Amino acid sequence: QVQLVESGGGLVQARGSLRLSCAASGRTLSNYHMGWFRQAPGKERDFVAAISGSRRSTYYADSVKGRFTISRDNAKNTVNLQMNSLKPEDTAVYYCAASRTTGWRPSVLDDYDYWGQGTQVTVSS
């Protein structure tokens, strides 16, 4: 069992930055593909970014490409999401997720086995 805990959310003005972290207990995250998703009120949970377990390939939604960066810190057993140039439309609850799925598809929710509880990100205009 993998327990994921997100942190780093908060309120920020447009064009500001936040850094989200996802920490795990019970397992080493470097053995998992990791993803970040977000869900705004009344909307579906959408893919934001992902990083593969072995090759550390990264993947981004078009809406965040060039602004967000996903990375691993194996020493701290965390996966981070650096968010720059934030926009009001980035406001959502952000979730991290872990996958050991064979044939993992980075943007597909069903390919993830474990989810955190989420952290709120609010961007004011």
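Scroll up to find the structure.
Residues numbered from 1 in each chain as written. Predicted model: local features only at pLDDT ≥ 70, side-chain atom pairs only at ≥ 80, totals over all residues. Heavy atoms only, no water.

Undergrad: It is not clear to me how the packing of aromatic side chains should be interpreted in this structure. Could you clarify?
TA: Centre-to-centre distance and the angle between the planes together describe a pair of aromatic rings. Here the structure, examined in full by the defined rule, presents 7 aromatic pairs. Ring centres of phenylalanine 37 and tyrosine 112 lie 5.1 Å apart, and the angle between their planes is 80 degrees; this geometry places the pair in the edge-to-face category. With phenylalanine 37 in strand S4 (residues 33–39) and tyrosine 112 in the loop between strand S9 (92–99) and strand S10 (114–115), this pair connects stretches of sequence that are 75 residues apart. Ring geometry for tryptophan 104 against tyrosine 112: centres 6.4 Å apart, planes inclined by 80 degrees, an arrangement best described as edge-to-face. Taken individually, tryptophan 104 and tyrosine 112 each receive the classification buried, so the pair is uniform in this respect. Each residue in the set Phe37, Phe47, Tyr59, Trp104, Tyr112 and Trp115 is aromatic and connected to the rest through ring pairs, giving one cluster. The ring of tyrosine 95 carries arginine 45 above its face, with NZ or CZ at 3.6 Å from the centroid. (Phe/Tyr/Trp six-rings, centres within 6.5 Å; stacked < 30°, edge-to-face > 60°. Helix = DSSP H or I, 4+ residues; strand = E, 2+ residues; numbered from the N terminus. Buried < 20%, exposed > 50% of the residue type's maximum accessible area, 1.4 Å probe, protein only. Lys NZ or Arg CZ within 6 Å of the ring centre and 35° of its normal.)

Undergrad: Help me understand the pairing of strand S1 (residues 3–7) in this model?
TA: The side chains of a regular strand alternate, residue by residue, between the two faces of the sheet. Alternating positions in S1 separate cleanly, Leu4 and Glu6 being buried on one face and Gln3, Val5 and Ser7 remaining unburied on the opposite face. Across 5 bridges, S1 lies against strand S3 (residues 18–25) in antiparallel orientation. In the strand pairing of S3, valine 5 is matched with alanine 23. (Pairing = 2+ DSSP bridges.)

Undergrad: Please clarify how the side chain of glutamate 6 should be interpreted in this entry.
TA: Structurally, the position occupied by glutamate 6 is in strand S1. The side chain of glutamate 6 sits in the buried core without any salt bridge; arginine 45 is the nearest counter-charge, 7.3 Å away. From its side chain, glutamate 6 meets the backbone nitrogen of glutamine 117 in a polar contact 3.1 Å long. From its side chain, glutamate 6 meets the backbone nitrogen of glycine 118 in a polar contact 2.8 Å long. The residues contacting glutamate 6, other than those within four sequence positions of it, are Ser21, Cys22, Trp36, Tyr94, Tyr95, Cys96, Gly116, Gln117, Gly118 and Thr119. (Lys, Arg positive; Asp, Glu negative; His and termini not counted. Salt bridge = Lys/Arg side-chain N within 4 Å of Asp/Glu carboxyl O. Polar contact = N/O pair within 3.5 Å; in protein donor to acceptor, adjacent residues only side chain to side chain. Contact = heavy atoms within 4.5 Å.)

Undergrad: Could you clarify how one ought to interpret the environment of glycine 116 in this entry?
TA: Summarising the element assignment, glycine 116 is placed in the loop between S10 and strand S11 (119–124). Under the relative-accessibility criterion, glycine 116 is labelled buried at 6%. The sequence separation of glycine 116 and alanine 97 amounts to 19 residues, and the corresponding C-alpha distance is 6.4 Å. With sequence-adjacent residues up to four places away left out, glycine 116 is seen in contact with Leu4, Glu6, Tyr95 and Cys96.

Undergrad: How should the pairing of S3 be read in this particular structure?
TA: Of the two faces of S3, only the one carrying Leu18, Leu20, Cys22 and Ala24 is buried; Arg19, Ser21, Ala23 and Ser25 on the other face are not. With 6 bridges connecting them, S3 and strand S8 (residues 78–83) associate as antiparallel partners. By the bridge assignment, cysteine 22 is partnered in S8 with valine 79.

Undergrad: I'm lost on the environment of glutamine 13 in this one. Help?
TA: Relative to the elements of secondary structure, glutamine 13 occurs in strand S2 (residues 10–13). The residues contacting glutamine 13, other than those within four sequence positions of it, are Val123 and Ser124.

Undergrad: Teacher, can you tell me more about the state of the cysteines here?
TA: Joining two cysteines, a disulfide is a covalent bond between their sulfur atoms. Tallied over the full model, the rule gives 1 disulfide. Paired through a disulfide, cysteine 22 and cysteine 96 show a sulfur-sulfur distance of 2.0 Å. Here cysteine 22 and cysteine 96 share a disulfide; its torsion about the S-S bond, 50 degrees, makes the bridge right-handed. Within this pair, whereas cysteine 22 is found in strand S3, its partner cysteine 96 is found in strand S9, the two being separated by 74 residues in sequence. Considered together, cysteine 22 and cysteine 96 belong to a single accessibility category, that of buried residues. (Disulfide = S-S within 2.5 Å.)

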